[in-house]
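Summary of structural features
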Amino acid sequence: MKHKRNFLKAMAVAAFATLGMGSAMAADITGAGATFPFPIYAKWAEAYKKATGVGLNYQSIGSSGGIRQIRAKTVAFGASDAPVPGADLDKDGMVQFPAIIGGTVPVINLEGFKPGELRVTGPVLAEMFLGKVVKWNDPKLVALNPGKTLPDQSITVVHRADGSGTTFNWTDYLTAVSKDWADTVGKGAAVKWPAPSSVGGKGNEGVAANVNRVKGALGYVEYAYVKKNNMNFLQLQNADGKYVSPDDSAFAAAAAGADWFSVPGMGISMVNAKGAQSWPVSTASFILMYKDPADKAQSAEVLKFFDWAFKNGKGMAAELDYVPLPDALTAQIRTKVWSQIAK
């Protein structure tokens, strides 16, 4: 009986590793960082393991953690939704490239409303996160939602407790649409949240769990977590003045005009992009690798994984409402970025 229990335990650990979340001993590729792309990396990892026999151990620990791990050389690649500036990439001897595009979404816990039924503008959303709009029936929210009976209920802001690329992109957006936010808080992977009624959560997973737990909550998570957890969300007014709901077509519309090589390390911002269909908090998630890696074989395996994902993972990305990179862009990544990595 003891042997059987040990065998079942070993099988469970092996299955966990196959999905990219388990023991490093059972995996062939190591990476760490952003929670934003974790659902698609896990899906790609499972399919890649079946296709090639090569595993991926990806630690979903947040963008700041991913940057720390790659700089400490404990993983073969780091992942961050907050792009590392070109000067820092040069100093570290690293390259950076986008792997997937998605969107960050304002999520709520408010009874009596369907997902996307309530609307908000960027400036009013910033006031909610600033703690200046503290009730759901505030006149500013009532004016944006005619015909809706909003409750006299307090707003509890739910934010990331860890250093996060999702937070960087969210605060990048709030900075773009609100001078008040820009002047008092600004953008960063970790900021001082001003709303007096607020609670932190670790990872997109932690924020989603807290929003679903706290009545009257308002938070922000990547869209795959909205779908996975059946969460309620707010429609957002975009730069063209249109109210839009999040989905892959809205993220793709925001990315349509992106000039990727206009910024060192391809670290462009897509927040508040123009276009009638554009989702205003659309973002890319980035991969960090050394130009001269200590373990060249492991580094080569990372490139094989992303090469396979770029070619074979588009359908899987669409299932989770991420936007895969277009073929023309992945071809440029191979020739302009991957060519800098020593084999």
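Everything numeric here is computed off the predicted structure, so don't read it as measured data. (Residues numbered from 1 in each chain as written. Predicted model: local features only at pLDDT ≥ 70, side-chain atom pairs only at ≥ 80, totals over all residues. Heavy atoms only, no water.)

**A word on the overall build of the chain**
Assigned secondary structure in the chain consists of 14 helices and twelve strands. A globule of 343 residues ought to have a C-alpha radius of gyration of about 20 Å, and the chain, at 20 Å, matches this closely. As displayed, the chain has an accessible area near 14300 Å², and 55% of this comes from carbon and sulfur atoms. Taking the average place of the 36 positive charges on the side chains of the chain and the average place of its 28 negative ones, the gap between the two points comes to 5 Å. (Helix = DSSP H or I, 4+ residues; strand = E, 2+ residues; numbered from the N terminus. Rg over C-alpha atoms; globule rule 2.2 N^0.38 Å. Areas by Shrake-Rupley, 256 points an atom, 1.4 Å probe, with all protein chains shown as cover. Lys, Arg positive; Asp, Glu negative; His and termini not counted. Charge placed at Lys NZ, Arg CZ, Asp CG, Glu CD.)

**A look at the sheet that holds strand S5 (residues 119-120)**
If you trace the three strands from one edge of the open sheet to the other, you get S5-S10-S11, paired in mixed fashion. Pairing within the sheet leaves two strands with one partner each, and these edge strands are S5 and strand S11 (243-244). Strand direction decides the pairing type here: strand S10 (residues 235-237) and S11, joined by two bridges, are antiparallel. Each residue of the ladder has a partner; that of glutamine 237, found in S11, is tyrosine 243. (Pairing = 2+ DSSP bridges.)

**So, the nonpolar core**
Residues Phe97, Leu125, Met128, Phe129 and Phe306 are the most contacted members of the largest nonpolar core, which totals 98 residues. Residues Ala32, Ile67, Ile70 and Met94 belong to the second largest nonpolar core, which totals nine residues. (Core = buried A, V, L, I, M, F, W, Y, C linked by side-chain atoms within 4.5 Å. Buried < 20%, exposed > 50% of the residue type's maximum accessible area, 1.4 Å probe, protein only.)

**Some remarks on the environment of alanine 309**
Mapped onto the fold, alanine 309 is located in helix H12 (residues 296-312). Taking the C-alpha atoms as reference, alanine 309 lies 8.9 Å from alanine 45; in sequence the two are 264 residues apart.

**A short note on the pattern of salt bridges**
The final tally for this structure, using the stated rule, is 16 salt bridges. Lysine 227 is the salt-bridge partner of aspartate 321, the closest N and O atoms lying 2.4 Å from each other. Placement of aspartate 321 in the loop between helix H13 (314-319) and helix H14 (327-337) and of lysine 227 in helix H10 (residues 223-228) is noted, with a sequence separation of 94 residues between them. Residue aspartate 321 is classed as buried on the basis of its relative accessible area, which comes to 10%. Assessed through its relative accessible area of 35%, lysine 227 is described here as partly exposed. Salt-bridge contacts for glutamate 301 lead to lysine 304; the nearest nitrogen and oxygen are separated by 3.6 Å. Here the residue glutamate 301 and the residue lysine 304 both occupy positions in helix H12, the gap between them amounting to three residues, near one helical turn. The partly exposed category is assigned to glutamate 301, whose relative accessible area is 21%. The class for lysine 304 is partly exposed, based on a relative accessible area of 48%. (Salt bridge = Lys/Arg side-chain N within 4 Å of Asp/Glu carboxyl O.)

**A short note on the pairing of strand S2 (residues 56-60)**
Note: strand S1 (residues 29-33) against S2, five bridges, orientation parallel. Bridge assignment links alanine 32 to a residue of S2, and that residue is glutamine 59. Once the chain exits S1 it traverses helix H2 (residues 38-52) before rejoining the sheet at S2, and the crossover so formed is right-handed. (Right-handed = clockwise from strand over helix to strand, strands pointing away.)

**A word on the packing of aromatic side chains**
For the structure on display, the rule yields 22 aromatic pairs. Summarising the aromatic geometry, the rings of phenylalanine 310 and tryptophan 338 are spaced 5.9 Å apart at their centres and angled 10° between planes, so their arrangement reads as stacked. Taken as a pair, phenylalanine 310 in helix H12 and tryptophan 338 in the segment after H14 lie far apart in primary sequence, 28 residues in all. Accessibility assignment for this pair places phenylalanine 310 and tryptophan 338 in one class, buried. (Phe/Tyr/Trp six-rings, centres within 6.5 Å; stacked < 30°, edge-to-face > 60°.)

**Observations regarding the packing of H2 against H12**
For any two helices packed against each other, one specifies the crossing angle of their axes together with the interaxial distance. As a packed pair, H2 and H12 sit with axes 10 Å apart at the nearest point and diverge in direction by 100°. Taken together, the axis directions place H2 and H12 in an arrangement best described as roughly perpendicular. Along its contact with H2, which presents Tyr41, Trp44, Ala45, Ala47, Tyr48 and Ala51, the element H12 presents Glu301, Lys304, Phe305, Phe306, Trp308 and Ala309. Partitioning the contact of H2 with H12 into residue classes produces ten nonpolar, no polar and two charged. (Axes fitted to C-alpha atoms, helices over the stretch in contact; angles between N-to-C directions. Parallel < 35°, antiparallel > 145°, perpendicular 65-115°, else oblique. Contact = heavy atoms within 4.5 Å. Nonpolar A, V, L, I, M, F, W, Y, C, P; charged D, E, K, R; others polar.)

**Considerations on the environment of threonine 166**
Locating threonine 166 in the fold gives a position in helix H7 (residues 165-177). Overall, threonine 166 belongs to the buried group, its relative accessible area being 1%. Between the C-alpha atom of threonine 166 and that of phenylalanine 306, which follows or precedes it by 140 residues, the distance is 21 Å. If we skip the residues at most four places from it in the chain, threonine 166 touches Phe36, Asp81, Thr104, Arg160, Asn204 and Tyr220.

**Observations regarding unusual backbone geometry**
The phi dihedral of asparagine 230 is positive, around 50°, even though this residue is not glycine. Mapped onto the fold, asparagine 230 is located in the loop between H10 and strand S9 (232-233). Classification of asparagine 230 by relative accessible area gives exposed; the value is 70%. Of note, aspartate 321 is a non-glycine position whose phi angle comes to about 65°, a positive value.

Coordinates in, geometry out; function isn't part of it.
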